[in-house]
Amino acid sequence: MADDTCHSSDDSSCVADSIAMSSSATQNVESKLDASGGFYLFALAMGRYGNQMEHLLGALAEAKRRSPNRILVLPSFVTWRFGHGQKNAHIPVEYVFRLDRLREFHSNIVSYTEFRDMISSSCTGSTEQKWKAKQATIYCSSEWKRYTHFECLNSDIDQEGTYWHSLGIQFVKEQWHEEDVFNLDPKYHPVVAVGGALSAPFPMRKQDRYVAKYLQWTELMEERRRSFLAQSGMSDHDLLVAAHLRAGSDWVKACESALGNEEYMASPQCSDEMQRKNMTDGITLELCLPTSDRSAVANDLLMVARKVLNNASDIKDGTRLILFFASDVADLGKGIMAEFDLDRTYDYFVTPPAQPEISTRDGIEALIEDASFLDLIVMTHADYLVGNCVSSFTSFAARIRTEQGIGFGTEFFGLVDDA
C-alpha cells in the first residue's frame, strides 16, 4: 500500500507526489505530468457558451506559448440558470471534448476533475493543508474587476457562492497584482488562479484559431447529435444547412452597442468578407441582428440552398435539403420559413428547448437538458453553416469547420454571396 503521507516541505513536490499516487481514473495522465512547474487555474465565468469556448481556446494557446511547463487546469463550462431558487450548473470539459485530442496540442493539461483528485487523494491531510495554508491564493488584476465588477474571491457570480466554490475549490485569500501572471515564479507561486482567461484576449488572436483543429466532440456528444437528427427524420443522404439566429433581448441590446463599430465581439471572423464587399460603415444591424429583416434572412438561406444543391455531387432520388435553426428565440425558424416563396419544399427543424433528464451524474443533466451544446455540434457538422458575424457562438462552430475542413462552406447573414 502506498504511503499516504507526503514527506516534503516543498508545496510543488507534494502535489507532484500526489500525482504519482492518485486515483486510477486519472493515473495514466497524471503519471506523465511534472508538477514542479506549478499550475494555472482560470474561470469560465464570463458570458455564455460562445464566450466560454473563446476563452478556453485563447487560454490554451496562451499557456502553451508562454508557460508550457505549468500544468493548465481546464475549467468546467457554466450553464447559467436565472430565477429564484435556480442554481448554476457546471459541465466538466471532458464531457464535451476529448482530452486526449487537446493533449496533442498541449500535453500539460488536466481537467478540474483530475485536479481535484490530485489535491485530495493520496496526500490527504498534507496536500490539502498546504493548499489551504499556502497555495490557496487567487490572483486578481484591476482589469478583471473593471471588466466584471466582481471581486475575485467573494463574488456573487453564482447564487450559491463563487464560481470556484461551486466547483469545490476554496481559496483563503486574494492577491491583487498588476504584473503578468506568466512572470510569477512557480517556486514561490506554485498555484496561480486567475479570474479570467490567463491574459488571453477576447476574441482570441487570429493566429491562434488553428487550436480548433484539436477539438473533438466526445462520443456522448456525437451520440446526442446522431440521435437528434434520426429522431427528426433526417436520413444519411439528406443535406443539412444550419442557420444560427440570435435574437433574444440581451442580444438586441448588445447590437445597439455594436452599430457603427469597426469591430465588436467576434466580428473579426468576418472582417475579410466585409472588406471584400467594401463595407466601410462598421457593424450594421443586418450583420448583428439579421432577423430585423426576416425576408433578407430568407433570401440569404435561399441563395445558400441553391448553392448546396448545385454543388452537391452525390444527390440521390429522395434527397431533401434540411434547414436547421439554432436560435435563442422559440419558433423563430417557423417565422423565417413563412417568408419563403419557393417552388420546392424545404424541410426544417429546431432543437427542443429541453430534454428529459437521463442521468444523475454530475454535470450530465445540464449537458443533456441544454439545447445550446446540441446546437453547436449540429452547426459544426452541417453541410453548410450560415451564422452571425458578431456572435462568438457562431465563430466557435465556424472555426472548427474551417480548421478541420468540415462541410461545403460557412457564410454569415448579410454577407452571403449569390454564386
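Structural data are supplied above this passage.
Rules used throughout
Residues numbered from 1 in each chain as written. Predicted model: local features only at pLDDT ≥ 70, side-chain atom pairs only at ≥ 80, totals over all residues. Heavy atoms only, no water. Disulfide = S-S within 2.5 Å. Helix = DSSP H or I, 4+ residues; strand = E, 2+ residues; numbered from the N terminus. Buried < 20%, exposed > 50% of the residue type's maximum accessible area, 1.4 Å probe, protein only. Core = buried A, V, L, I, M, F, W, Y, C linked by side-chain atoms within 4.5 Å. Contact = heavy atoms within 4.5 Å. Phe/Tyr/Trp six-rings, centres within 6.5 Å; stacked < 30°, edge-to-face > 60°. Pairing = 2+ DSSP bridges. Expected span 1.5 Å × (residues − 1). Polar contact = N/O pair within 3.5 Å; in protein donor to acceptor, adjacent residues only side chain to side chain.

A. Focus on the state of the cysteines. Under the defined criterion, the tally for this structure stands at two disulfides. The side chain of C255 participates in a disulfide bridge whose partner is C288; the two sulfur atoms lie 2.1 Å from each other. Taking the sign of the S-S torsion, about -85° here, the bridge from C255 to C288 comes out left-handed. Pair noted here: C255 is in helix α11 (residues 249-258) and C288 is in helix α13 (residues 285-288), with a separation of 33 residues, a long-range link. On the accessibility criterion, C255 (1% relative accessible area) is buried. The disulfide bridge from C270 ends at C389, spanning 1.8 Å between sulfur atoms. One end of the pair, C270, is in the loop between α11 and α12 (271-276); the other, C389, is in the loop between β12 (384-387) and α18 (392-404), with 119 residues separating them in the sequence. Of the two residues, C270 and C389, both sit in the buried class.

B. The nonpolar core, seen in detail. Membership of the largest hydrophobic core comes to 58 residues, with the highest contact counts inside it found for L60, L74, F77, F97, W217, F373 and F396. The leading source of residues in this core is helix α3 (residues 49-66), at eight residues. Among all residues touching F396, those that are not within four sequence positions of it are M53, L57, F97, L215, W217 and L376. L301, F325, F413 and V416 belong to the second largest nonpolar core, which has 40 residues in total.

C. Region of interest: the packing of aromatic side chains. Taken as a whole and assessed by the stated rule, the structure comprises 11 aromatic pairs. Each ring, one from Y49 and one from F373, has its centre 4.2 Å from the other, and the planes form 40°; the classification is tilted. Of this pair, Y49 sits in helix α3 while F373 is found in helix α17 (residues 371-381), placing the two residues 324 residues apart along the sequence. The same class applies to Y49 as to F373, namely buried. Centre to centre, the rings of F228 and F324 are 6.2 Å apart; their planes meet at 75°, and the pair counts as edge-to-face. Here F324 lies in strand β10 (residues 321-327) and F228 lies in helix α10 (residues 219-231), a separation of 96 residues in the sequence. We note that F228, like F324, is buried. Three or more aromatic residues joined by ring pairs make a cluster, and in this case those are Y49, F77, F97, W217, F373 and F396.

D. Representation of the pairing of strand β1 (residues 39-42) within the structure. Going residue by residue along β1, you find F39 and L41 tucked away on one face and Y40 and F42 tucked away on the opposite face as well. In terms of strand pairing, β1 meets strand β2 (residues 71-74) through three bridges, oriented parallel. Across the sheet, Y40 pairs through a bridge with L72, a residue of β2.

E. Representation of the pairing of strand β8 (residues 191-194) in the model. Of the two faces of β8, both are covered, the one formed by V191 and A193 as well as the one formed by V192 and V194. Relative to β8, β1 is paired through four bridges, and the arrangement is parallel. Paired with F39 across the strands is V191, a residue of β8.

F. Geometry of α18. For α18, built from 13 residues, the straight-helix expectation of 18 Å at 1.5 Å per residue is met to within 8% by its first-to-last C-alpha distance of 18 Å. Extensive coverage of α18 is indicated by the burial of 10 of its 13 residues. The complete set of buried residues in α18 reads S392, F393, T394, S395, F396, A397, A398, R399, I400 and R401. Buried residues in α18 make contact with α3, β9 (239-245), α17, β12 and β13 (409-412). Capping the start of α18, S391 holds a side-chain oxygen 3.1 Å from the backbone nitrogen of F393, two or three residues further along. Count one or two residues on from α18 and you reach G405, which has phi positive near 65°.

G. Looking closely at the environment of V308. The residue V308 is located in helix α14 (residues 294-311) in this model. Beyond its immediate sequence surroundings of up to four residues, V308 is in contact with L239, V241, L321, Y384 and F408.

H. Just the environment of L240, in detail. Turning to its location among the elements, L240 is positioned in strand β9. By relative accessible area, L240 is classed as buried at 4%. Separated by 167 residues in sequence, L240 and G407 have C-alpha atoms that sit 9.5 Å apart.

I. Layout of the side chain of H244. Tracing the backbone through its elements, the reader meets H244 in strand β9. At 2.6 Å, the side chain of H244 and the side chain of T394 are in polar contact. Setting aside chain neighbours within four positions, we find H244 in contact with A326, M379, V386, G387, N388, S391, F393, T394 and F413.

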